[in-house]
Amino acid sequence: MVRVEEGMFARSLAGHDKDRLYVIIRTEAEYVWLVDGIARTLEKPKKKKIRHIQVIHRFAEPVKKALESGTPLQNEQIRKIIQSEGRNRQEDRDVESRCN
């Protein structure tokens with residue numbers, strides 16, 4: 001079984017949101033609740049089966065700390081974290097393609 005924790009990044013593998021990057025804010029049995037701060041806000045997270053996501057074993061540290069401490073999160077904060085992660089992942093792919 002894949003390790004899934006609140007605060008981890010995840011990418012949708014199925015549905016109309018395929019390939020979209022999210023942050024996991026809640027886990028329960030075979031489901032996770034995902035937010036991106038834009039279409040899926042903290043007030044209306046996306047409920048998705050774990051088998052329909054690719055878990056990225058990297059944490060959105062500010063989100064993880066806020067969830068652990070009970071500090072309120074803001075959609076703007078999540079948007080910025082996801083944008084930063086998306087840029088980092090694109091840079092990683094660019095480096096890999098130049099090395100091959």
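Residues numbered from 1 in each chain as written. Predicted model: local features only at pLDDT ≥ 70, side-chain atom pairs only at ≥ 80, totals over all residues. Heavy atoms only, no water.

Peer 1: Please provide a residue-by-residue account of the overall build of the protein, values included.
Peer 2: Across its full length, the protein holds two helices and five strands. The order of helices and strands in the protein, counted from the N terminus, is β-β-β-β-β-α-α. Within the protein, the proportion of its 100 residues that are buried is 37%. Across the protein, the fraction of contacts at a sequence separation of at least 24, relative to all contacts at a separation of at least 6, is 51%. (Helix = DSSP H or I, 4+ residues; strand = E, 2+ residues; numbered from the N terminus. Buried < 20%, exposed > 50% of the residue type's maximum accessible area, 1.4 Å probe, protein only. Contact = heavy atoms within 4.5 Å.)

Peer 1: Tell me about the sheet that holds strand E4 (residues 46-49), and please be specific about residues and values.
Peer 2: Strands pair in a sheet through their backbones, by hydrogen bonds, and they do so in one of two ways: parallel or antiparallel. As summarised here, the arrangement of the five strands in space is E4-E3-E2-E1-E5, forming an open sheet in which the pairing is antiparallel. Bordering the open sheet on either side are E4 and strand E5 (53-59), each of which pairs with just one other strand. Here the average twist between neighbouring strands, direction ignored, is 45°. Note: strand E1 (residues 8-12) against strand E2 (residues 21-28), three bridges, orientation antiparallel. (Pairing = 2+ DSSP bridges. Axes fitted to C-alpha atoms, helices over the stretch in contact; angles between N-to-C directions.)

Peer 1: Any chance you could break down the side chain of Asp-36 for me, citing the residues and the numbers?
Peer 2: One can find Asp-36 in the loop between strand E3 (31-35) and E4. Judged by its relative accessible area of 3%, Asp-36 is buried. Only 3.1 Å separates the side chain of Asp-36 from the backbone nitrogen of Ala-39, close enough to count as a polar contact. Residues within four places of Asp-36 in sequence aside, it is in contact with Arg-20, Leu-21, Tyr-22, Ile-78, Arg-79 and Ile-82. (Polar contact = N/O pair within 3.5 Å; in protein donor to acceptor, adjacent residues only side chain to side chain.)

Peer 1: Outline the pattern of salt bridges, listing residues and values.
Peer 2: For the structure on display, the rule yields nine salt bridges. The salt bridge involving Asp-17 is made with Lys-48; its shortest N-O contact spans 3.1 Å. With Asp-17 in the loop between E1 and E2 and Lys-48 in strand E4, this pair connects stretches of sequence that are 31 residues apart. With relative accessibility at 8%, the residue Lys-48 sits in the buried group. (Salt bridge = Lys/Arg side-chain N within 4 Å of Asp/Glu carboxyl O.)

Peer 1: Tell me about the side chain of Lys-46, and name the residues and values.
Peer 2: When you line up the elements, Lys-46 lands in strand E4. No salt bridge is formed by the buried Lys-46; its nearest oppositely charged neighbour, Asp-17, is found at 5.0 Å. Non-local contacts of Lys-46, meaning those with residues more than four positions away in its chain, are made with His-16, Asp-17, Val-32, Trp-33, Leu-34 and Arg-40. (Lys, Arg positive; Asp, Glu negative; His and termini not counted.)

Peer 1: Just give me the short version of unusual backbone geometry, but keep the residues and values in it.
Peer 2: Despite not being glycine, Asp-19 has its phi angle at roughly 75°, a positive value. Turning to its location among the elements, Asp-19 is positioned in the loop between E1 and E2. Positive phi, close to 45°, is recorded for Ala-29, a residue that is not glycine. Residue position: Ala-29 is located in the loop between E2 and E3. Among the residues examined, Ala-29 registers a relative accessible area of 74% and is labelled exposed.

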